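Architecture at a glance
Read off the chains here:
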Amino acid sequence: MAMATRTLGFVLPTSLSSQPSFDRRGGGFRVSVIRCSTSPLTFPTSGVVEKPWTSYNARLVLEDGSIWPAKSFGAPGTRIAELVFNTSLTGYQEILTDPSYAGQFVLMTNPQIGNTGVNPDDEESGQCFLTGLVIRNLSISTSNWRCTKTLADYLTERDIMGVYDLDTRAITRRLREDGSLIGVLSTEQSKTDDELLQMSRSWDIVGIDLISDVSCKSPYEWVDKTNAEWDFNTNSRDGKSYKVIAYDFGIKQNILRRLSSYGCQITVVPSTFPAAEALKMNPDGILFSNGPGDPSAVPYAVETVKELLGKVPVYGICMGHQLLGQALGGKTFKMKFGHHGGNHPVRNNRTGQVEISAQNHNYAVDPASLPGGVEVTHVNLNDGSCAGLSFPEMNVMSLQYHPEASPGPHDSDNAFREFIELMKRSKQSS
Ligand SMILES: NC(=O)CC[C@H](N)C(=O)O
């Protein structure tokens, strides 16, 4: 939810003279450490201080046989996941709580993470879903006016692994050259490198249904809007109300806030909610949400989408877009290393305009596999992949990326208005 200008609000005391400097004699950092706190901050002005987190040795072992010594600042243990890199400069808390990262370790290419701590407003869901966070440096000072906790404390409390002190540039280059890799993170010294390597080679993320674990268990109403302080683009609202059912495949709360701000009354339903029940509720539109993993591993969700097609206007975001692609008769495939970041240029084919977008996906719809009448509305300009679809005959629209952009730029927010227009037109013609 936060924008860069909001989250980068350092409050450094004037008596603090410079950048942290490493003191070789003392083995510590010669800085003033600002622990985030809701109580007034006190600033030591001099002296050697220890890093404000407990660190112990860890290893990242990748399936290609590479071993990356690291230091842990989160939960201890040994965990397996797919490693992806994310190029966002800000928004690590939204990334940590985005359910689409279930089954993955996220490596941040931004070399310094943790400087703004965590706060109660930037959560995309009620828990952290990724398996671990991999970073170059953990910020030694934490300061932001909304901060209530340090990143290290937050990850440890939520039992999520976090490691730093790895060469994240070298790992990113490897992922770009060889594609995403399965890895094992471990703080357990009793496990040999070879054991961890075998573990990483014994698991695969392809073909696993990850949405059933992250979806809600029963329907609920959503009413929260985007906080007025953060809202924008308000001129495009028509003041009317639309009844929307949101299928939760791992939904980010900012999608719900944006829909609500655009005047939707929302009922969120689980991924297994029967299409017939959804239709009985007489919605004006249906949203298929983002969600983790392989869209080919959830045929039941594709069936639900198929049953709803043509009966009511539908809007798919990310996983929802991929499920729509399959339901329309197309195929999805796994990309080499996917798109994860807040800086992806997308061309809107209808307007010719380029939007800078937030993206997080490893799979894509193959446009060549789609039947006639389905239009590719958006293209990712980095690699030409399909970034949006429309099938006007059935009131279908979808985006492979994140118009709710949290974190990320807001260029694509108008897609919510387009969904409203789709529902409005369909209502008028029926
Ligand atoms: N953010 C998402 O919905 C991700 C979609 C899908 N799980 C992928 O990785 O491609």
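All values reported here derive from a predicted model rather than from experimental measurement. (Residues numbered from 1 in each chain as written. Predicted model: local features only at pLDDT ≥ 70, side-chain atom pairs only at ≥ 80, totals over all residues. Heavy atoms only, no water.)

What to know about the sheet that holds strand β20 (residues 386–391)
- Across the sheet, which stays open at both edges, the ten strands sit in the order β12-β14-β13-β15-β16-β21-β20-β19-β17-β18 with mixed pairing between neighbours. With partners counted over all chains shown, the strands left at the sheet margins are β12 (220–222) and β18 (354–366), one partner each. Taken pair by pair, the neighbouring strands of this sheet meet at an average axis angle of 25 degrees, ignoring direction.
- Docked against the sheet, helix α7 (residues 253–261) engages β12, β13 (242–248), β14 (264–270), β15 (285–288) and β16 (314–317), running at close to 150 degrees with respect to β14. (Pairing = 2+ DSSP bridges. Helix = DSSP H or I, 4+ residues; strand = E, 2+ residues; numbered from the N terminus. Axes fitted to C-alpha atoms, helices over the stretch in contact; angles between N-to-C directions. Contact = heavy atoms within 4.5 Å.)

Some details on the side chain of Thr304
- Relative to the helices and strands, Thr304 is located in helix α9 (residues 299–308).
- Since its relative accessible area comes to 10%, Thr304 is described here as buried.
- When residues no more than four places from it in sequence are discounted, the contact partners of Thr304 are Tyr247, Phe273 and Ala275. (Buried < 20%, exposed > 50% of the residue type's maximum accessible area, 1.4 Å probe, protein only.)

Quick look at the pattern of salt bridges
- Evaluated as defined, the whole model comprises 17 salt bridges.
- One salt bridge connects Asp64 with Arg174, and the closest N-O pair in it is separated by 2.9 Å. Residue Asp64 is located in the loop between β3 (56–62) and β4 (67–72), and its partner Arg174 is located in helix α4 (residues 168–178); the two are separated by 110 residues in the primary sequence.
- Where Arg79 meets Asp159, a salt bridge forms, and the shortest distance between an N and an O atom there is 3.1 Å. Linking Arg79 in strand β5 (residues 78–86) with Asp159 in the loop between α3 (151–157) and β10 (161–164), this pair joins segments that are 80 residues apart in sequence.
- Here the salt bridges do not stand alone but share partners, grouping Asp121, Asp122 and Arg146 into one network. (Salt bridge = Lys/Arg side-chain N within 4 Å of Asp/Glu carboxyl O.)

Points about empty space enclosed by the protein
- Tallied over the entire structure, the rule returns four cavities of 30 Å³ or more.
- Considering only enclosed or pocket space, the largest cavity measures out at about 170 Å³ in volume.
- Around the largest cavity sit 18 residues that line it, and Ser100, Gly293, His361, Asn362 and Tyr363 are the ones nearest its centre.
- Sorting the residues of the lining of the largest cavity by element identifies α10 (319–327), β17 (331–348) and β18 as the ones contributing at least two each.
- In terms of residues, the lining of the largest cavity owes the most to one element, β18, which gives four residues. (1 Å grid on protein atoms, 1.4 Å probe; cavity = no way out; pocket = protein on both sides within 12 Å on 5 of 7 lines; lining within 4 Å. Points joined across faces, edges and corners; volume = space filled by probe spheres on them.)

Brief notes about the UniProt feature "domain: Glutamine amidotransferase type-1" in the chain
- The UniProt entry lists residues 243–429 under the feature "domain: Glutamine amidotransferase type-1", expressed in the numbering used here.
- This span, residues 243–429, is 27% helix and 36% strand, and a straight line between its end C-alpha atoms measures 17 Å. (UniProt positions renumbered as here; feature names shortened; annotations may be inferred.)

What to know about a nonpolar patch on the surface
- Taken together, Val354, Ile356 and Leu381 make up a surface patch of nonpolar side chains, about 220 Å² in accessible area.
- Looking at where Ile356 falls in the secondary structure, it is placed in strand β18.
- You can call Ile356 partly exposed: its relative accessible area is 34%. (Patch = residues over 30% accessible without salt bridge, like charges linked within 9 Å, V, L, I, M, F, W, Y side chains within 5 Å. Areas by Shrake-Rupley, 256 points an atom, 1.4 Å probe, with all protein chains shown as cover.)

Some thoughts on the site of the ligand
- In the vicinity of the ligand, 13 residues are found, and the nearest of them are Gly291, Gly293, Asn360, Asn362 and Tyr363.
- Ser100 places a side-chain nitrogen or oxygen 3.0 Å from a nitrogen atom of the ligand.
- For the ligand, the protein covers 98% of the area, taking 300 Å² as the surface of the free molecule.
- The cavity where the ligand resides is the largest cavity.
- Listed by contribution, the elements that provide at least two residues to the shell around the ligand are α10 and β18.
- The dominant element in the shell around the ligand, judged by the number of residues it contributes, is β18, at four residues.
- Across the shell around the ligand, the residue classes break down as four nonpolar, nine polar and no charged. (Near = heavy atom within 4 Å. Polar contact = N/O pair within 3.5 Å; in protein donor to acceptor, adjacent residues only side chain to side chain. Sits in = over half its atoms within 2 Å of the grid points. Nonpolar A, V, L, I, M, F, W, Y, C, P; charged D, E, K, R; others polar.)

Section: the packing of α9 against α10
- Two elements in contact, α9 and α10, have axes separated by 9 Å at closest approach and are oriented at 70 degrees. What the angle tells us is that α9 and α10 run roughly perpendicular. On α10, the residues that touch Ala301, Val302, Val305 and Lys306 of α9 are Leu323, Leu324, Gln326 and Ala327.
- Here the residues of the contact of α9 with α10 sort into six nonpolar, one polar and one charged. (Parallel < 35°, antiparallel > 145°, perpendicular 65-115°, else oblique.)

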